Amino acid sequence: MLSVNKLSRGIPLKLFFTAPLLMLFIFIAVSIGVIAYLSSQYAATQFSQQLAFQVSKRTHEQLDLLVSVPQTILNNSVKAVENGLVDLQSEAELIRYLVMQISNSPYITFVAIGLANGQYLAINRHHTTGQLSLLSSYHASDLRRTRYSLQANGLKGESLEVLDEFDATHRPWFTQALSKGAMTWYPVYQYASGEGFGIGVSAPVFSNSGELQAVVAVDFGLSLVSSYLQSLQLGTAMTVFTVGPRGNIIAASKPESDLTADDVNRLIPASESNNPLIRAAAKQMAVYTGKEQLSFEVDGQDFLLNVAEYRDPLGLDFKTVVLIPKGDLLSSLDKYLYNALWLILLAITLGALLALLLSRRLIKPIEAMHRYADQLALGKEGNAKLPESEVYELNGLILSFKLMANNMAASFSQLEFKALQDAATLQQFSLDAMDRQQRTERQRSALAQLVLDDAVAQGDGQAFIRNLTRITADALICQRVSVWMMSDVGEKMHCVALHDGENIDLKEEIILTQVEYPQYFAAIAKHGWICANNALTDSATIEFADLYLKPLGISAMLDAGILIAGKVVGIICLEHVGGARQWQPDEEAFVAAAAAVLAQVISVAQQKQAERSSKEHAEHTQTILNSVVDGIITMDSDGQIVSLNPAAIKLFGGKESDYLGCHVTLMLSAILTDPQRIAENYFPSPGKVPLLGVLRELDAVQLNGSIFAIELALSVITRQGKFVYIATVRDISERKRLERLKNEFVSTVSHELRTPLTSITGAIGLVKSGKLGVLSEKADQLVTVAYKNCQNLTLLVNDLLDFEKISAGKMIFDMQPEWVLPMLQKAIEANKVMASQKHISLQLNVQNEDCKICVDAHRLMQVLSNFLSNAIKFSPETTTVQINLSVQDQQARIAIIDCGPGIAESFHGKIFQRFSQADSSDSRAIGGTGLGLAISKELVNGMQGEIGFESVAGQGATFYCCFAIV
């Protein structure tokens, strides 16, 4: 009889069972530790990059906000000057405008306007107290600035201090704008108080003729950027700073005292910072390419360096540097890693104990079975020979049960085969059911994420699309998921999002065209759906096989159309990479549901955009209508009034409700309300269209019955398939009155005054000559005064008639080449008597005697006589009036220089206007019509010349005219 004691060869079952299990535990523990360490390093790097990106992004968004404010103010100011909304000659108007701009923008510290002559006006906000003050050299002859306080109503207050001379044309913001010829940023500068720095944007303003009118500048304090960085919750070890193009630190998350030990407030380069971390970062930036994250060591501590560039179209170029201590990121990961290793070691120990316990519990029943089987087997066939095993306990078990198996094999063979089949079937069924349940759970969870995504409520289609590709890929375990949008015509589609393991930023646009893939586009257009289990052979996708599917290893494709209003506007495309795949019905249903959700998001986004655009357009249009000074009336095709703007209501009186629904003829004088005339000429009526685009002058009637003259223009637009007529109305009553007065005055001068005045002048001249007898001394004085007054009145009449001819375009110029010097000598001779009466000498200074110009000699003599007579009248007795002739740039310049009181700056803009005379007691004491300079300007312009003047109050005046040399 066989005994257990005789089976002594082989390895004990305890050791055979425990050793491999223990080695497996150790291998798994070591593998997990290595993977955890590598994963922590990778996670730390990825987290630091994302953290740096978010910090840089938020910093740049803050910069966008800060720089947009001065750009907006500058654009508004430039347009205001160009369109004449702000008078550059009015200091009070400029102050009110600039105060309004800076008051509405708390970020702004400085708004200024500098003129081409160096004059300057600025509103300054103190960077710490926020107090506004005015700096102005606007009317200072020596360009010396004065600081003023500002009153509550925005007007200039009392003088606070007088500063040094300040020529605006030499300032960086002025020269930078002129060199660029457009809006541009000027360099960072230090505040005059020495506390803080600012940067700004400036732009030149040119007149229609291309002459420089002014340069406008707006800036803000860089302390705002530093304050923002310091407000970010970055921790004590993380450092963020921003540098300019020259490497100077313009903002930092650290206080200024942590950056430099200098007592002088100045911009410091990052390489000179008192902070060793920033100095080390500056050295790394010198070799930084911007393509990867840099790691460097400072004082035994590792840091990660990230640099993000910030540029705008106007030339602003900053870099934001983010320094992250690597040790802080890894410390918590290392802590959890150490805890995980201790847990793994504990698991190994427990595993070993468990293996020993199991081996002991398994061996005991095996030994019992061995003894029982040995007895049973020896009772039937005691001499059975069995192969030996390495495990001595199993040798007896094998021997015993082998004997039993031989006896029971025949009876259990069929049962065993059937049991194996049933087990295999049950296992496959269980795996399929588990797989379906897992897919269903994933799909249900994914759809819930899509429906509850914040992007759905916000209508943010792009963010939702990126989330959809990631969630769909995870739910269906598909390697590649992308979203494509159709063009309006449907001849091409472009990829808007691609997930290939992670969302990929599409740096280049990917486009599919119908010309290249006609079968694919036809299948999408016809079915809105493609299910290709074998994409390499399917008729709808075979076009992609060689160039796309095979290189990427794609074997199956599932495309679901995005339908909006029954039209395919895009597709969701799933691409399986690897072996064959059979798309399941539940997977197809999930993709269809995802496409429906995406269609809803796109529709909501389009609807919100349309609503925003419509609202903004309506508000913009209404603002324009409310601000237009002309009356605007809209009416339907029957002439019924639909709306009136405030100017129209003010023009006609009453309220808007008094006119709505009434026929527009209610506003016309009774003489124009004949239906036939209105239907054919002026306003719309049923079945007839009025004449459009023609400017008419009509008589209108106000609600109180008053009749006044208007100028009317009619246009038409189409709204919702119906014509809407727009009438623009302007009150021209004052213009008509002035034209009537002018015509009556000119007619009176021409017919009632000139002819008798000529006779009177001739008669008095005859009496004065003594041909009618010798007059007494007193009578001669009276006749002389009367004769001079008649001559002055004749000059006035001639001036008025000349100006009327010029205004009516009836003045004819006989242009001929003339020598300049003889005409100057003739003009001096004609005014010598007038000069001698005041003992004034006329001095002629000629630079070039051989100078010829093309002019009307008679009209030029009229201009020169006007210049000379004015110079003589306004110069004190016994002084000298100079007549200068110079040549420069092929231009002959004739200048008359007097020694009079000069012209006040406030009167410069009116000097060439009709009937203009300086408002001072001296000027009123001197006779004149106020038409001479206005006529002279028209005459010079008519002869293709240039006229102008130069004067400073109290220092005389220079009037000149220039003509091209022939």
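Residues numbered from 1 in each chain as written. Predicted model: local features only at pLDDT ≥ 70, side-chain atom pairs only at ≥ 80, totals over all residues. Heavy atoms only, no water.

**Let's talk about the overall build of the protein**
Cut-off, in case you're wondering: Here a helix means four or more residues in a row that DSSP labels H or I, a strand means two or more in a row labelled E, and each is numbered from the N terminus. Throughout, exposure labels follow a simple rule: accessible area from a 1.4 Å probe, protein chains only, divided by the maximum for the residue type, with under 20% read as buried, over 50% as exposed, and the rest as partly exposed. In this description, contact between two residues means that some pair of their heavy atoms is separated by no more than 4.5 Å. Where accessible areas are quoted, they stem from the Shrake-Rupley method and a 1.4 Å probe; at the residue level, only the protein chains shown are allowed to cover.
The helix and strand inventory of the protein stands at 21 helices and 32 strands. Taken over 966 residues, the protein has a buried fraction of 39%. Taking contacts inside the protein between residues at least 6 apart in sequence as the whole, the part at least 24 apart equals 55%. Approximately 53,800 Å² of the protein is accessible, and the part contributed by carbon and sulfur atoms is 55%.

**Focus on the sheet that holds strand S25 (residues 722-731)**
In plain terms, the rule: A pair of strands counts as paired when DSSP detects no fewer than two bridges linking them. Angles shown run from 0 to 180 degrees and are taken between the N-to-C directions of axes, each axis being a line fitted to C-alpha atoms and, for helices, limited to the stretch in contact.
Here 5 strands make up an open sheet; going across it, the order is S22-S21-S25-S24-S23 and the pairing antiparallel. What marks the edges here is a single partner per strand, and that holds for strand S22 (641-644) and strand S23 (696-701). Averaged over neighbouring strand pairs, the angle between their axes works out to 35 degrees when direction is ignored. Examined bridge by bridge, strand S24 (residues 707-719) and S25 share 10 bridges and lie antiparallel to one another. What sits directly across from valine 716, in S25, is tyrosine 725.

**A word on the pairing of strand S15 (residues 492-500)**
Relative to S15, strand S14 (residues 480-486) runs antiparallel, the two being bridged by 7 bridges. Paired with methionine 485 across the bridge in S15 is histidine 494. In sequence, S14 turns back onto S15 through a hairpin of 5 residues, with glycine 490 there showing a positive phi of about 90 degrees. Inspection of the sheet shows S15 paired to strand S16 (residues 503-504) by 2 bridges, in the antiparallel sense. Each residue of the ladder has a partner; that of histidine 499, found in S16, is asparagine 503. A loop of 2 residues connects S15 with S16, the two strands running antiparallel in sequence, and glycine 501 in this loop sits at a positive phi of about 90 degrees.

**A short note on the layout of surface pockets**
Rules: Cavities and pockets are defined on a 1 Å grid built over the protein atoms alone: a cavity is a set of grid points where a 1.4 Å probe fits but cannot escape, while a pocket is an open set with protein on both sides within 12 Å along at least five of seven lines, and lining residues are those with an atom within 4 Å of any such point. Grid points are joined across faces, edges and corners, and a volume is the space filled by probe spheres set on the points. In the scheme used here, Gly and all other residues not listed as nonpolar or charged are polar, with Ala, Val, Leu, Ile, Met, Phe, Trp, Tyr, Cys and Pro taken as nonpolar and Asp, Glu, Lys and Arg as charged.
The volume enclosed by the second largest pocket comes to roughly 1,200 Å³. Along the wall of the second largest pocket there are 35 residues; nearest its centre are Gln89, Asn117, His908, Gly909 and Phe949. At the level of elements, strand S8 (212-221), helix H21 (932-942) and strand S31 (946-951) are the ones that each hand at least two residues to the lining of the second largest pocket. A total of 6 residues in the lining of the second largest pocket trace back to one element, the largest contributor, which is S31. A class-by-class count of the residues in the lining of the second largest pocket yields 15 nonpolar, 13 polar and 7 charged.

**Concerning the environment of valine 225**
For valine 225, the location among the structural elements is in helix H4 (residues 223-231). Classification of valine 225 by relative accessible area gives buried; the value is 4%. C-alpha separation for the pair valine 225 and alanine 252, spaced 27 residues apart in sequence, amounts to 7.9 Å. Ignoring any residue separated from it by four or fewer positions in sequence, one finds valine 225 in contact with Leu63, Leu66 and Ala251.

**Regarding a nonpolar patch on the surface**
Quick note on the threshold: For patch building, the residue pool is restricted to those with more than 30% relative accessible area and no salt bridge; the joining distance is 9 Å between like charges and 5 Å between nonpolar side chains (Val, Leu, Ile, Met, Phe, Trp, Tyr). A side-chain nitrogen of Lys or Arg and a carboxyl oxygen of Asp or Glu constitute a salt bridge if their distance falls within 4 Å.
A surface patch of nonpolar side chains, about 390 Å² in accessible area, is lined by Leu24, Phe27, Ile28 and Ile32. In this structure, phenylalanine 27 sits in helix H1 (residues 13-82).

**Side note on empty space enclosed by the protein**
Overall, the coordinates contain 2 cavities of 30 Å³ or more when judged by the stated rule. If you go around the largest cavity, the residues you meet are Ile633, Phe652, Val664, Met667, Leu668, Phe683, Ala700, Ile710, Leu712, Ala727 and Val729. Breaking the lining of the largest cavity down by element, the ones donating at least two residues are S24 and S25. Class assignment of the residues belonging to the lining of the largest cavity gives a composition of 11 nonpolar, no polar and no charged.

**Some words on the confidence of the model for the protein**
Test applied: What pLDDT reports is the predictor's confidence in each residue, on a scale of 0 through 100.
Put simply, the protein has an average pLDDT of 79, and 79% of its residues get 70 or more. Looking at the elements of the protein, mean pLDDT is at its lowest for helix H20 (residues 921-925), recorded as 44, and at its highest for strand S32 (residues 957-964), recorded as 95. In this model residues 920-925 is a low-confidence stretch, pLDDT under 50, and it forms 3 contacts with partners more than four residues away in sequence or in other chains.

**Quick look at the packing of helix H19 (residues 857-874) against H21**
Selection criterion: Crossing handedness follows the turn of the near helix against the far one: under a right angle anticlockwise gives a left-handed crossing, and clockwise gives a right-handed one.
Where H19 contacts H21, the axes come no closer than 10 Å and their chain directions differ by 145 degrees. Crossing of H19 over H21 shows left-handed handedness. Taking contact as the criterion, the partners of Arg859, Gln862, Val863, Asn866, Phe867 and Asn870 in H19 are, on H21, Gly932, Leu933, Ile935, Ser936, Leu939 and Val940. Looking at the contact of H19 with H21 residue by residue, the class counts come to 6 nonpolar, 5 polar and 1 charged.

**A few points about helix H9 (residues 461-476)**
This is how it is decided: Residue count minus one, scaled by 1.5 Å, sets the expected span of a helix.
The terminal C-alpha atoms of H9, which comprises 16 residues, lie 22 Å apart, in line with the 22 Å expected from a rise of 1.5 Å per residue. Those residues of H9 lying buried are Gly461, Phe464, Ile465, Leu468, Thr469, Ile471, Thr472, Ala473, Ala475 and Leu476. A positive backbone phi angle near 50 degrees is found at isoleucine 477, which sits one or two residues after H9.

**Here we look at the packing of aromatic side chains**
Condition: Each aromatic pair joins two rings of Phe, Tyr and Trp (for Trp, the six-membered one) with centres within 6.5 Å, and gets the label stacked for planes under 30 degrees apart, edge-to-face for over 60, and tilted for any other angle.
Scanning all chains against the criterion turns up 17 aromatic pairs. Centre to centre, the rings of tyrosine 517 and phenylalanine 544 are 4.5 Å apart; their planes meet at 20 degrees, and the pair counts as stacked. Taken together, the positions of tyrosine 517 in the loop between strand S17 (511-513) and helix H10 (518-527) and phenylalanine 544 in the loop between strand S18 (529-532) and helix H11 (545-552) put the pair 27 residues apart, joining distant regions of the chain. On the basis of relative accessibility, which here comes to 6%, the residue phenylalanine 544 falls in the buried class. Ring centres of tyrosine 520 and phenylalanine 544 lie 5.0 Å apart, and the angle between their planes is 85 degrees; this geometry places the pair in the edge-to-face category.

**Digging into the sheet that holds strand S27 (residues 841-846)**
Within the open sheet, the 5 strands sit side by side as S27-S29-S30-S32-S31. Their pairing is mixed. Only two strands of the sheet have a single neighbouring strand rather than two, namely S27 and S31. Direction aside, the axes of adjacent strands within the sheet are offset by 15 degrees on average. Pairing of S27 with strand S29 (residues 880-888) involves 6 bridges; the strand directions are parallel. Across the sheet, the residue bridging to leucine 844 is isoleucine 883, located in S29.

**Observations regarding the nonpolar core**
What counts is decided by this rule: Each nonpolar core is a collection of buried residues, namely Ala, Val, Leu, Ile, Met, Phe, Trp, Tyr and Cys, held together in the definition by side-chain atoms within 4.5 Å.
Formed by 54 residues in total, the largest nonpolar core has its most connected members in Leu88, Ile108, Ile113 and Ile123. Considering every element that reaches this core, the biggest residue donor is H1, with 11 residues. Sequence-distant contacts of isoleucine 113, defined by excluding residues within four places in its chain, comprise Leu88, Leu94, Leu98, Gln119, Tyr120, Leu121, Ala214, Val215 and Val216. Judged by nonpolar contacts, the second largest core, of 43 residues, contains Phe867, Ile894, Ile911 and Phe912.

**A short note on the pattern of salt bridges**
What the rule picks out here adds up to 16 salt bridges. Put simply, lysine 550 and aspartate 546 hold a salt bridge, and the shortest N to O gap is 3.4 Å. Here lysine 550 pairs with aspartate 546, and both are found in helix H11, just 4 residues apart, close to one helical turn. A salt bridge links arginine 893 to glutamate 950, with the shortest nitrogen-to-oxygen separation between them at 3.6 Å. Separated by 57 residues along the polypeptide, arginine 893 in strand S30 (residues 891-897) and glutamate 950 in strand S31 bring together distant segments of the chain. Residue classification places glutamate 950 among the partly exposed residues on the basis of a relative accessible area of 45%.

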